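# Close look at the chain arrangement
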Amino acid sequence: MNRFKTSKFKNTTPKIPKKDGWIANVRGGSFSSQGNHIKSSCILVAFNTDQAGGGMVGLSSVSPGSDGKWIVTQIPCHADQVTDLDFSPFDDYLLATCSSDETVKLWRVCDPDQSQPSSPEVTLSPGDSRLEIVLFHPAASGLIAVASTRGVQVWDTTRDSALTVLEQHADQLQGLAWKEDGSLLASSCKDKKLRIFDPRAQTSAVQCTQGHQGNKDSRILWVKDDNLLTTGFNQVRQQEVRLWDSRKLSSALSSVSLATSNATLMPLFDPDSGLLIVSGNGESVIDSFEVAASEPYLSQVSHCLTDASTRGVALVPKRALDVSVCEILRVMQLTDNFIVPISYQVPRKAGQDFHADLYPDTIGHTPAMMAAEWWTGENKQVERVSLHPNKRPKPNTAPTKETSPKDLPCGKSKEKDSTSSSPLSTPSSSAAPSRSPSSTSGLSSGFLPSPSPSQSARAIQSMLGPSSKFRHIQGSVLHRDTHITNLRGLHLTTPGECDGFCANGQRVAVPLAITGGQIAVFEMSQPGKLPDTALPTVQNSVNVADFCWDPFDPYKLVVAGDDAKIRVWQIPKGGLTETLTEPECILRGHTEKIYSIKFHPHASGLLASSSYDLTVRLWNLETGEEVKRLSGHQDQIFGMAWSPDGKLLATVCKDGKVRLYNPRGSTLPIQEGPGPEGQRGARVVWVHDGKNLLVSGFDSRSERQLYLFSADSLASGCLAATPADVSPSTLIPFYDPDTSVLILTGKGDTRVYIYEIVPEAPYFMECSSFNSSEPHKGLCFLPKTECDVRDVEVARAIRLSKTTIEPLAFRVPRVRKEFFQDDVFPDTAVCWESSLTAAAWLSGSDGQHRKISLRPKNMTPVSEAPKEAPVRKYLPSSVYLEEKTDEQKKEELLSAMVAKLGNREDPLPQESYEGVDEDEWDD
């Protein structure tokens, strides 16, 4: 009789909203991984994105805001591609991510309109090649399964090591799933085998059988009772869905063949209704089936054609559905540019009664046990809750940030704070669970304790702390008339120690991807579209390692090459009209490729260069000779910087050290201290008139960090550190000594970070950042005299993109722009004039730049501006009417009407018409 039994879900209809009901501003990830690329909690939806090389995760809300719109934000998560993500079933704001960088991170995310965390709550390091899948345990809190290329590990998130490491698969692992009660794990593999593991009993599979015949990607899910469902391909490359009984795994109960396609089928299953959703990655079709315990096992319910191809699909938890319209499923479809919420509804009379037959009690959000209980052998089911609107439990509330990254010790993230009593930071090296169930009773999710009074005090202090007067600084690209466009053939892979290009206010030098290390030079006074014909260039003859303009001669370009030589070129006035092939001079001395070159800030013709030969050498360009050789480095020299007075030279090195040299004294460093732990790259710049050093680099987890050091005591370590984000490119810093504003960005980034650096806590005061729609190849800042002080422009840069050169202005919003803002424009140093020669500096003399005012002659400083008279607040007209007599009101009303109608004594138009004589009337 079951064959002919009518299902209450047979008429379930997928409803795709209009485009204004889609989540926009989404850049779906186009890379391949074994995950579904999108996951949803009752409140939030997280997805893979192409931004930052795939190292970011996008975040939005399940439901739109009060204005009917969605806010989409990005969270920098990993140094490499995010391969999978999952929300905790017991906490709508706890997100786990795994990556190609071989780490798993747990994030305490916030609502999309709030500031997102800069560091994870927990970082796990399975260290078993690229990670592919991360899954929270369905019944126990603090427990996750992690799949790598061939292996599976089960982790208690409070520990430093895995609870168990399962036996390696014979080939690429493709699918992984927990049973609903969390007792078993099932996997599918490229070797066409299905395996079932009991992680607490043994590391090898307890069952194994032949799966799909095709060796393309397969996926696996636990469905009703003890059944398994897999998707894959048959021998003729058709997409296939199979249902299995885990107690008799030798053969499938049922199978359904779909289209002939290469698209991997991503399955989603709702145990309450027994509905299965399958969608092919890259296809625009979503099918739904009803899964039954007897024949027919798989019955198709709907075939939905979507408006865009699928990148990933996720089910919204049942507790977030709208039962008033009989919504039984909601699928979040990730496409290239949108997330489309597709609602599956049963055609019933909606809005009146609660249809209990459609909504059995569903899994709640309170964990059944802790990780320790599960590991000791407990099996408990999560308590179920009603979906009746009057009986629903209250949803999670949005988390609040208890601490700021600035509150953490230098170089440490939250999960490594050794003084914390949170279960997040209680590592254990033993195989037994590291805490008892009683120690975490009262935690709703098993991850965060309630905030203590001291944490609340820190939160209040953070909220009421100092703020920068530059916090609302705005970056904007200047008018297109100032751009140089139609750039072609740029060399976009310059070494990490090179800024990528250089500018001096009059001209820009850009390396080209042409053999011979050629460099194009563009005059900023000649904007517009470049011709399609070949341009005259500087032919360096070898690949360019680094290059820069002489700060005291706008026509002198110095280029370091891969051949360990430095060439000095003289650019003719008016720009290049023909290709230059002969340099003015060549500096020889280094024995290995050069890293970077830096001019002395005061002495003309004095140049420093660092090289693979682990030396820093000083050159006198007037004589073309090497005048000093500094040693002491043990590895690659990432960056170097002269002190503002030109007496000292600072370097940051791959060996994890920051060094300080007195080039006129010893050839060895006079100070040495610990630098960034990461070895991907670093830069150094002097701040606070030479009192401090700022280093941008990477921490041990390859996350970008900023470090502040005291120049007097490098050995004592950094004064403060703050995280930036996760990205592979080194942040290149620019520091404005007049305002103490630090501007940073990396090659290939779309974001420009801005901070005010202060000499006391909190040291780093973050300001508004500048974001562009397209990645840039770098920024180069111009002298302060290029800024438009009338528009309160505190910095101007040249931005290089793939095809354009664009001026970029950073302005501080001010009300009284008619006055000179002398609080942000102190007298500035004339850094484009030398104060002494190289020979004089080498002999012991020191120079100092003269300073000039940036105030135009016809502008009054705002500090001397007259105070504005208070503006009278006018009362409403009704108040004035109350003060007048009735006669006055009548008189004013009559006068207004007369004025509106005009002068009544004026002749009417018809009075000027000519009539006819009376005798002309004919009776």
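This text goes with the structure placed above it.
Throughout what follows, the structure given in this document is the object of discussion. (Residues numbered from 1 in each chain as written. Predicted model: local features only at pLDDT ≥ 70, side-chain atom pairs only at ≥ 80, totals over all residues. Heavy atoms only, no water.)

### What about the overall build of the protein?
Worth spelling out the cut-off: Starting at the N terminus, helices and strands are each numbered in turn, a helix being any DSSP run of H or I of at least four residues and a strand any DSSP run of E of at least two. It only takes one pair of heavy atoms within 4.5 Å for two residues to be counted as in contact. Using a 1.4 Å probe, accessible areas were evaluated by the Shrake-Rupley method; residue-level cover was limited to the displayed protein chains.
In terms of regular secondary structure, the protein is built from five helices and 67 strands. Here the analysis covers contacts within the protein between residues at least 6 apart in sequence; of these, 53% occur between residues at least 24 apart. Taken as a whole, the protein presents about 41,400 Å² of accessible surface, with 48% of it coming from carbon and sulfur.

### A closer look at the packing of aromatic side chains
Note the following rule: Between 30 and 60 degrees the pair is tilted, below 30 it is stacked and above 60 it is edge-to-face, where a pair is any two Phe, Tyr or Trp rings, Trp via its six-membered ring, whose centres lie within 6.5 Å. Buried, partly exposed and exposed residues are distinguished by accessible area as a fraction of the type maximum, computed with a 1.4 Å probe on protein chains only: under 20%, between the cut-offs, and over 50%, respectively. Should the NZ of a Lys or the CZ of an Arg lie within 6 Å of a ring centre and within 35 degrees of the ring normal, that charge is described as sitting over the ring.
Taken as a whole and judged by the stated rule, the model has ten aromatic pairs. Measuring from centroid to centroid gives 5.3 Å for Trp-22 and Phe-338, while their planes differ by 75°, and the two rings are edge-to-face. Here Trp-22 is found in the loop between β1 (13–15) and β2 (38–40), whereas its partner Phe-338 is found in the loop between β28 (327–334) and β29 (339–345), with 316 residues between them in sequence. Given the relative accessible area of 9%, Trp-22 is considered buried. The interplanar angle of 40° and the centroid separation of 4.3 Å between the aromatic rings of Tyr-595 and Tyr-612 together place this pair among those described as tilted. Placement of Tyr-595 in strand β44 (residues 594–599) and of Tyr-612 in the loop between β46 (606–611) and β47 (616–620) is noted, with a sequence separation of 17 residues between them. Its relative accessible area of 2% is what places Tyr-595 among the buried residues. Within the aromatic cluster, the residues linked to one another by ring pairs are Trp-178, Trp-374 and Trp-375. Positioned over the ring face of Phe-698 is Arg-680, at 5.8 Å from the centre of the ring.

### Regarding the sheet that holds strand β17 (residues 193–197)
Note: strands within a sheet are paired through backbone hydrogen bonds, in either parallel or antiparallel orientation. Condition: At least two bridges found by DSSP between two strands are what make those strands a pair. Inter-axis angles, ranging from 0 to 180 degrees, are taken between N-to-C directions of lines fitted to C-alpha atoms, where helices are fitted over the stretch in contact.
Strand order in the open sheet formed by four strands is β15-β16-β17-β18, and the pairing between neighbours is antiparallel. The open sheet has two free edges, formed respectively by β15 (173–178) and β18 (207–210), since each of these has just one partner strand. Each neighbouring strand pair of the sheet contributes to a mean axis angle of 15°, computed without reference to strand direction. With four bridges joining them, strand β16 (residues 185–189) and β17 adopt antiparallel strand pairing. Residue pairing for β17: Ser-187 is matched across the bridge by Arg-195.

### Quick look at the nonpolar core
Which entries qualify depends on this criterion: Among buried residues, those of type Ala, Val, Leu, Ile, Met, Phe, Trp, Tyr and Cys that are joined through side-chain atoms within 4.5 Å constitute a nonpolar core.
One finds Phe-547, Leu-557 and Ile-805 to be the most contacted residues of the largest nonpolar core, which totals 32 residues. Broken down by element, this core gets its largest block of residues, four residues, from strand β37 (residues 518–523). For Phe-547, the residues in contact, after removing those within four places along its chain, are Cys-498, Gly-500, Phe-501, Cys-502, Ala-509, Val-510, Pro-511, Ile-519, Leu-557, Val-558, Val-559 and Ile-597. In terms of nonpolar packing, the next biggest core, distinct from the first, is built from 29 residues, Cys-42, Ile-43, Leu-44 and Ile-339 among them.

### With respect to the pattern of salt bridges
The test is simple: Here, a salt bridge means any Lys or Arg side-chain nitrogen found within 4 Å of an Asp or Glu carboxyl oxygen.
A complete count under the given rule lists 39 salt bridges for this structure. As a salt-bridge pair, Glu-703 and Lys-105 come within 2.6 Å of each other at their nearest N and O atoms. Of this pair, Glu-703 sits in the loop between β54 (692–698) and β55 (704–710) while Lys-105 sits in strand β8 (residues 104–108), placing them 598 residues apart in sequence. Each member of the pair, Glu-703 as well as Lys-105, is classed as buried. Salt-bridge contacts for Glu-373 lead to Lys-380; the nearest nitrogen and oxygen are separated by 3.3 Å. What makes Glu-373 buried here is its relative accessible area of 18%. Taking the relative accessible area as the measure of exposure, Lys-380 reaches 32% and is therefore partly exposed. One network of salt bridges, with partners in common, ties together Glu-180, Asp-270, Asp-272, Lys-318 and Arg-384.

### Points about unusual backbone geometry
In this structure, the amide linkage connecting Glu-295 to the following residue, Pro-296, adopts the cis form with an omega of -10°. Within the fold, Pro-296 resides in the loop between β25 (285–291) and β26 (298–305). Note the cis peptide between Ala-761 and Pro-762, where omega equals 15°. With respect to the secondary-structure elements, Pro-762 resides in the loop between β59 (751–757) and β60 (764–766). Despite not being glycine, Ser-541 shows a phi value in the positive range, around 75°. On the secondary structure map, Ser-541 appears in the loop between β39 (537–539) and β40 (544–550).

### Here's the deal with the environment of Val-316
The residue Val-316 is located in the loop between β27 (312–315) and β28 in this model. C-alpha of Val-316 to C-alpha of Arg-330: the two residues are 14 residues apart in sequence and 5.6 Å apart in space. In this structure Val-316 touches Ser-40, Ser-41, Val-62, Leu-321, Arg-330 and Met-332, once residues within four positions along its chain are discounted.

### Focus on the state of the cysteines
What makes a disulfide is a covalent bond joining the sulfur atoms belonging to two cysteines. Our working definition: Defined by distance alone, a disulfide is two cysteine sulfur atoms within 2.5 Å.
Enumeration according to the criterion identifies zero disulfides in this entry. No disulfide involves Cys-498; its sulfur sits 7.9 Å from the nearest other cysteine sulfur, which is in Cys-502. Look at Cys-498 and you get buried, because its relative accessible area is 1%. Among the residues examined, Cys-502 registers a relative accessible area of 5% and is labelled buried.

### Notes on the sheet that holds strand β42 (residues 565–570)
Across the sheet, which stays open at both edges, the four strands sit in the order β40-β41-β42-β43 with antiparallel pairing between neighbours. A strand with exactly one partner marks an edge of an open sheet, and here the two such strands are β40 and β43 (585–588). Averaged over all pairs of adjacent strands, the angle between their axes in this sheet comes to 20°, without regard to strand direction. Across six bridges, the pairing between β40 and strand β41 (residues 553–561) is antiparallel. Within the sheet, the bridge partner assigned to Asp-546 lies in β41 and is Ala-560.

### Topic: the pairing of strand β3 (residues 44–48)
Across a regular strand the side chains alternate sides, sitting on one face of the sheet and then on the other. Burial analysis of β3 places five of its five residues in the buried class, the great majority of the element. Neither face of β3 is exposed, since Leu-44, Ala-46 and Asn-48 on one face and Val-45 and Phe-47 on the opposite face are all buried. Pairing geometry for β2 and β3, over three bridges, is antiparallel. Its bridge partner lying in β3, Ser-40 is registered against Val-45. Taken together, β2 and the strand that follows it, β3, pair antiparallel across an intervening segment of three residues. As paired elements, β3 and strand β4 (residues 56–61) share five bridges and run antiparallel to each other. If you follow Leu-44 over to β4, its bridge partner there is Ser-61.

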